[in-house]
Amino acid sequence: MKKFLLLSLVALVATFSASAAKGEKAFGAQFDYATKKSMVGLGLNFQYEFVDNVRIEPEFIYYFKNEGIDAFNLNLNFHYLIRTSRSFAIYPLAGFSYARISDDFGGWNRFGANIGVGSEYSVNKNFAFYIEQRFQILKDMNQGVTCLGVKYKF
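Below you will find a few notes about this structure. Computed from a predicted structure; not experimentally measured. (Residues numbered from 1 in each chain as written. Predicted model: local features only at pLDDT ≥ 70, side-chain atom pairs only at ≥ 80, totals over all residues. Heavy atoms only, no water.)

1. Looking at the overall build of the protein chain
Point 1. Helix and strand content of the protein chain: one helix and nine strands.
Point 2. Counting from the amino terminus, the protein chain carries its helices and strands in the arrangement α-β-β-β-β-β-β-β-β-β.
Point 3. Counting every position in the protein chain, which comprises 154 residues, the buried fraction comes to 37%.
Point 4. Restricting to contacts in the protein chain with at least 6 residues of sequence separation, those with at least 24 account for 48%.
Point 5. As presented, the protein chain carries roughly 8500 Å² of accessible surface, and 67% of it is formed by carbon and sulfur atoms. (Helix = DSSP H or I, 4+ residues; strand = E, 2+ residues; numbered from the N terminus. Buried < 20%, exposed > 50% of the residue type's maximum accessible area, 1.4 Å probe, protein only. Contact = heavy atoms within 4.5 Å. Areas by Shrake-Rupley, 256 points an atom, 1.4 Å probe, with all protein chains shown as cover.)

Following this line, the structure appears as structure tokens:
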């Protein structure tokens, strides 16, 4: 069942990417902080605005080992952009999450959801800074996640 859900997420991303001919695209890199175990991580994402003001964002985050635990997240988030000016936007976000958590005794998987809010400031037509605060809902692992990042738009 878990493999089916993961493959469904990948197929969904591929469908949106293949079917969309126009729209803003961006690659981002970010610093992440998760509250559950005070874990610090680095993330990469790809954003595609497939409909005006609506974008999809597949994302990978690796959390460095802390208190004997390390983890990674695969997320698929959707953003609804509210542009307040040419260079600034805020957005609610919602999406799906897969977490792989490991310690000295093994590892476990969790599927869940993300809900939160973000904002971005475009420095010019190609570069932007962003900040997000989300709540990640995972079985036995609910946590807040703060993301600070930069992205290249094309």
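2. Considerations on the side chain of R55
Point 1. Tracing the sequence through the fold places R55 in strand 3 (residues 54–66).
Point 2. A polar contact of 3.5 Å, which involves the side chain of R55, links it to the side chain of Q47.
Point 3. Of the polar contacts made by the side chain of R55, one reaches the side chain of E120; its length is 2.7 Å.
Point 4. Discounting residues that sit within four places of it in the chain, R55 has contacts with Q47, Y48, E49, F50, N77, F78, H79, L81, Y91, E120 and K151. (Polar contact = N/O pair within 3.5 Å; in protein donor to acceptor, adjacent residues only side chain to side chain.)

3. Notes on the packing of aromatic side chains
Point 1. Tallied over the full model, the rule gives eight aromatic pairs.
Point 2. Measuring from centroid to centroid gives 5.6 Å for F27 and F154, while their planes differ by 20 degrees, and the two rings are stacked. Placement of F27 in strand 1 (residues 25–34) and of F154 in the segment after strand 9 (143–153) is noted, with a sequence separation of 127 residues between them.
Point 3. Owing to a relative accessible area of 48%, F27 belongs among the partly exposed residues under this scheme.
Point 4. With a relative accessible area of 45%, F154 lands in the partly exposed category.
Point 5. Through a chain of ring-to-ring contacts, three or more aromatic side chains come together here, namely F27, F46, F127, Y152 and F154.
Point 6. Positioned above the aromatic ring of Y91, the side-chain terminus of R55 is 4.9 Å from the ring centre. (Phe/Tyr/Trp six-rings, centres within 6.5 Å; stacked < 30°, edge-to-face > 60°. Lys NZ or Arg CZ within 6 Å of the ring centre and 35° of its normal.)

4. Comments concerning the pairing of strand 6 (residues 88–103)
Point 1. In this sheet, strand 6 lies alongside strand 4 (residues 69–80) in antiparallel orientation, the contact comprising 10 bridges. Bridge assignment links D70 to a residue of strand 6, and that residue is S102.
Point 2. Summarising the sheet, strand 5 (residues 82–83) and strand 6 pair through two bridges and their orientation is antiparallel. Across the sheet, the residue bridging to I82 is I90, located in strand 6.
Point 3. The pairing of strand 6 with strand 7 (residues 106–122) spans 16 bridges and is classified as antiparallel. Looking at strand 7, one finds that F88 is bridged to Y121.
Point 4. Between strand 6 and strand 7, which pair antiparallel in sequence order, lie two residues. (Pairing = 2+ DSSP bridges.)

5. Brief notes about a nonpolar patch on the surface
Point 1. Together, F27, Y80, I82, F88, I90, Y121, V123, F127, F129, V150, Y152 and F154 line one region of the surface with nonpolar side chains, adding up to about 1100 Å² of accessible area.
Point 2. For the nonpolar patch, the secondary-structure elements that each account for two or more residues are strand 6, strand 8 (127–138) and strand 9.
Point 3. When you line up the elements, Y121 lands in strand 7. (Patch = residues over 30% accessible without salt bridge, like charges linked within 9 Å, V, L, I, M, F, W, Y side chains within 5 Å. Salt bridge = Lys/Arg side-chain N within 4 Å of Asp/Glu carboxyl O.)

6. Observations concerning unusual backbone geometry
Point 1. With phi around 50 degrees, S38 is a residue other than glycine that occupies positive phi space.
Point 2. By the element assignment, S38 lies in the loop between strand 1 and strand 2 (39–51).
Point 3. In the Ramachandran plot, E67 falls in the positive-phi region, its phi being about 55 degrees despite a non-glycine side chain.

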